[in-house]
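For reference, the chains in residue letters:
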Number of protein chains: 2
Amino acid sequence: MKKPLHIYLAGPDVFRSEEKIKETSSSLKQVCASYGHLGHFPLDNLLQPADGNFQSQEFSFTIFRANIQLIDEADAVIANLENFRGPNVDDGTAFEIGYAFAKKKVIYGYSPTAGLSYKQLHDRFLQGIGEDYRNSLQKDFPVVEDFEGNTANLMLIGAIAGSGGKVFGSFEECVKDLNERYS
Amino acid sequence: MKKPLHIYLAGPDVFRSEEKIKETSSSLKQVCASYGHLGHFPLDNLLQPADGNFQSQEFSFTIFRANIQLIDEADAVIANLENFRGPNVDDGTAFEIGYAFAKKKVIYGYSPTAGLSYKQLHDRFLQGIGEDYRNSLQKDFPVVEDFEGNTANLMLIGAIAGSGGKVFGSFEECVKDLNERYS
């Protein structure tokens, strides 16, 4: 019998509404379970702050350490690469991809826009957003990455490819490929 | 005589105009040099693509590997945490902080808004940006982090603190502190 893989579920989903978080976490874990694997959601390890203060920096460090521990214990990371408050991957997720790459985990990414290039994503974003935003982009950071087949920043795509993972259009495709190739 | 530290200069500055990139890279390196250290900018290692195609995915992997090598060879990373196309740190920079943390580098961050919390940054951003953007935020990701003293996502701030670094309002303060404490 094959050994279940431990999969860290990275993504900005922790910033959804409480109801949506529960729904997302349980549906991602269900997909993992259907292939015989175990999904771990960032909030799984969440403790109460000892002093009852949910806004202290110390409590943020407790969450940080809990997430790092989940990644350390995981065999693979599957990251939600969808646009987060701009044409970029959530910075917390990007951090976790960097950490996981250094720790030699297999990394997968999924995004509903997986087939597009970063430049295309960016153009789409510019079209969907007001003039103010367009101006702020053009003032400070005029250069937009444009590599064939790259759905996100080259460091993220380079790490996913270099780790032996892939980018797909859906979470389930990631689990399926991971299951076929690594378990 | 003290040994010069090798400092990797992470940040979204690579997305500025060509002229601005040169200016930024040379001014950051000058500050490092004034303390006896060596700054390394992401584009320093940049090669020409063998096939002349600057947009191929293969060339993006070449840049990826060159940046990873620069971080591997560095003693410390100093990261520009300024808002990048939204109320977040550039995802490439966040990736590099994650990688550097796993590789046990000392990590510093700087941001003109270093004294603010992430929640305050977010509010400022909301005020500065059009109604479209505000709506898109409220629809998918209503939760905004709010920890005392955290200028960015808790994974980034946790890693900087955990690595022995700090967040300052300017690049030079980072170099000064790094120089005093680690050289």
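Reading guide: rules and limits
- Residues numbered from 1 in each chain as written.
- Chains lettered and ligands numbered in written order.
- Predicted model: local features only at pLDDT ≥ 70, side-chain atom pairs only at ≥ 80, totals over all residues.
- Heavy atoms only, no water.
- Salt bridge = Lys/Arg side-chain N within 4 Å of Asp/Glu carboxyl O.
- Helix = DSSP H or I, 4+ residues; strand = E, 2+ residues; numbered from the N terminus.
- Buried < 20%, exposed > 50% of the residue type's maximum accessible area, 1.4 Å probe, protein only.
- Contact = heavy atoms within 4.5 Å.
- Buried area = accessible area lost by both parts, 1.4 Å probe.
- Polar contact = N/O pair within 3.5 Å; in protein donor to acceptor, adjacent residues only side chain to side chain.
- Nonpolar A, V, L, I, M, F, W, Y, C, P; charged D, E, K, R; others polar.
- Axes fitted to C-alpha atoms, helices over the stretch in contact; angles between N-to-C directions.
- Parallel < 35°, antiparallel > 145°, perpendicular 65-115°, else oblique.
- Left-handed = near helix turned anticlockwise from the far one by under 90°.
- Pairing = 2+ DSSP bridges.
- Expected span 1.5 Å × (residues − 1).
- Core = buried A, V, L, I, M, F, W, Y, C linked by side-chain atoms within 4.5 Å.
- Least-squares fit on C-alpha atoms with pLDDT ≥ 70 in both.
- Lys, Arg positive; Asp, Glu negative; His and termini not counted.

Chemist: Help me understand the pattern of salt bridges in this model?
Modeler: When the charged atoms of two side chains lie near each other, side chains of opposite charge can form a pair. Within the structure shown, the criterion is met by 14 salt bridges over all chains. Among the salt bridges present, the one from Arg16 of chain B reaches Glu82 of chain B, with a minimum N-O distance of 2.9 Å. A residue pair is termed long-range when its members are at least 10 positions apart, and Arg16 of chain B in the loop between strand 1 (6–10) and helix 1 (18–34) and Glu82 of chain B in the loop between strand 3 (76–80) and helix 3 (91–102) qualify at 66 residues. Neither residue differs from the other here; Arg16 of chain B and Glu82 of chain B are each classed as buried. Glu180 of chain B is the salt-bridge partner of Lys176 of chain B, the closest N and O atoms lying 3.4 Å from each other. Of this pair, Lys176 of chain B and Glu180 of chain B both sit in helix 7 (residues 171–182), four residues apart, which is roughly one turn of that helix. Lys176 of chain B gets classed as partly exposed once you look at its relative accessible area, which sits at 41%. Ionic contacts of the salt-bridge type, sharing partners, join the residues Asp13, Arg16 and Glu82 of chain A into one network.

Chemist: I would appreciate a short explanation of the interface of chain B and chain A in the present structure.
Modeler: One widely used convention gives an interface's size as the accessible area the parts lose upon coming together. Listed as interface residues are 65 residues of chain B and, on the opposing side, 65 residues of chain A. Carbon and sulfur atoms supply 64% of the area that chain B and chain A bury against each other, a total of about 5400 Å² over both sides. Counting the surface chain B buries against chain A, the share from its top three residues, Arg85, Phe141 and Met155 of chain B, is 17%. Taken together, chain B and chain A are joined by zero salt bridges. Seen at the junction of chain B and chain A, the total is 19 residue pairs in polar contact (both at pLDDT 80 or more). Elements represented by at least two residues in the side of chain B that touches chain A include exactly helix 2 (57–73), helix 3, helix 4 (118–128), helix 5 (131–140) and helix 6 (154–162) of chain B. Among the elements that take part in the side of chain B that touches chain A, helix 3 of chain B stands out by supplying ten residues, more than any other. Counted by class, the side of chain B that touches chain A contains 34 nonpolar, 19 polar and twelve charged residues.

Chemist: In this structure, what is going on with unusual backbone geometry? I would like to understand it.
Modeler: Peptide bonds are mostly trans, and most non-glycine residues show a negative phi. Residue and element names in this part refer to chain A. Phi at Lys104 is positive, roughly 65°, even though this residue is not glycine. Locating Lys104 in the fold gives a position in the loop between helix 3 (91–102) and strand 4 (106–110). Judged by relative accessible area, Lys104 falls into the exposed class, the value being 73%.

Chemist: Which parts of the structure should I look at to understand the packing of helix 1 (residues 18–34) of chain A against helix 7 (residues 171–182) of chain A?
Modeler: What describes two packed helices is the angle between their axes and the distance between those same axes. All names here are of chain A. At a closest axis distance of 10 Å, the pairing of helix 1 and helix 7 adopts a crossing angle of 30°. Comparing their axes, helix 7 and helix 1 come out roughly parallel. Two packed elements cross with a definite hand, and for helix 1 against helix 7 that hand is right-handed. Residue-level contacts link Leu28, Val31 and Cys32 of helix 1 to Phe171, Glu172 and Val175 of helix 7. The residue inventory of the contact of helix 1 with helix 7, partitioned by class, reads five nonpolar, no polar and one charged.

Chemist: For this particular structure, what's the right way to read the sheet that holds strand 1 (residues 6–10) of chain A?
Modeler: Working definition: the strands of a sheet are paired by backbone hydrogen bonds and lie parallel or antiparallel to each other. Residues and elements named next belong to chain A. One open sheet holds the five strands; their spatial order is 2-1-3-4-5, and the pairing between them is parallel. Looking at which strands have only one partner, the edges of the open sheet turn out to be strand 2 (38–40) and strand 5 (167–168). Bridge count for strand 3 (residues 76–80) against strand 4 is five bridges, and the pairing is parallel. Across the sheet, the residue bridging to Ile78 is Tyr108, located in strand 4. Lying on the sheet, helix 1 is in contact with strand 1, strand 2 and strand 4; it crosses strand 1 at an angle near 155°. Those strands touched by helix 6 (residues 154–163) are strand 4 and strand 5, and its axis lies near 130° from that of strand 4.

Chemist: Please explain helix 7 of chain A as it appears in this structure.
Modeler: An α-helical turn contains 3.6 residues, so a residue and the one three or four places further along point in the same direction. Residues and elements named next belong to chain A. Its twelve residues give helix 7 an end-to-end C-alpha distance of 16 Å, which sits within 8% of 16 Å, the value for a rise of 1.5 Å per residue. Along helix 7, the residues that are buried comprise Phe171, Cys174, Val175, Asp177, Leu178 and Asn179. The elements touched by buried residues of helix 7 are strand 1, helix 1, strand 3, strand 4 and strand 5.

Chemist: I tried to follow the pairing of strand 3 of chain B on my own but got confused; where do I start?
Modeler: It is a general feature of regular strands that their side chains alternate between the two faces of the sheet. Residues and elements named next belong to chain B. Counting buried positions along strand 3 yields five of five residues, so the element is predominantly enclosed. By the alternation rule, side chains of strand 3 split into Ala76, Ile78 and Asn80 and Val77 and Ala79, which are all buried. Sheet topology places strand 1 next to strand 3; four bridges connect them, and they run parallel. Paired with Tyr8 across the strands is Val77, a residue of strand 3.

Chemist: Honestly, the nonpolar core in this entry has me stumped. Any pointers?
Modeler: Note that soluble globular proteins tend to have their nonpolar side chains buried in a common cluster. Ranked by internal contacts, the top residues of the largest apolar core, which has 60 residues, are Phe95 of chain A together with Phe95 of chain B. Once residues lying within four places of it in the same chain are set aside, the contact partners of Phe95 of chain B are Ala94, Phe95, Ile97, Gly98, Phe101, Met155, Leu156 and Ala159 of chain A together with Phe64 and Ile68 of chain B.

Chemist: Help me out: how do you make sense of the relation of the copies chain B and chain A in this one?
Modeler: Copies of the same chain, two in number, are related to each other by a rotation about an axis and a translation along it. For the pair chain B and chain A, the best superposition has an RMSD of 0.0 Å and corresponds to a rotation of 180° with a translation of 0.0 Å parallel to the axis. Taken together, the rotation angle and the small translation identify this as a two-fold axis.

Chemist: Explain the side chain of Asp91 of chain B to me, please; I cannot follow it from the model alone.
Modeler: Note on placement: Asp91 of chain B falls in helix 3. As a buried residue without a salt bridge, Asp91 of chain B has its nearest oppositely charged side chain in Arg85 of chain B, at a separation of 7.7 Å. Of note is the side chain of Asp91 of chain B, whose polar atom sits 2.9 Å from the backbone nitrogen of Val89 of chain A. Contacts of Asp91 of chain B, omitting those with residues within four sequence positions, involve Asn88, Val89, Ala94, Asn153 and Leu156 of chain A.

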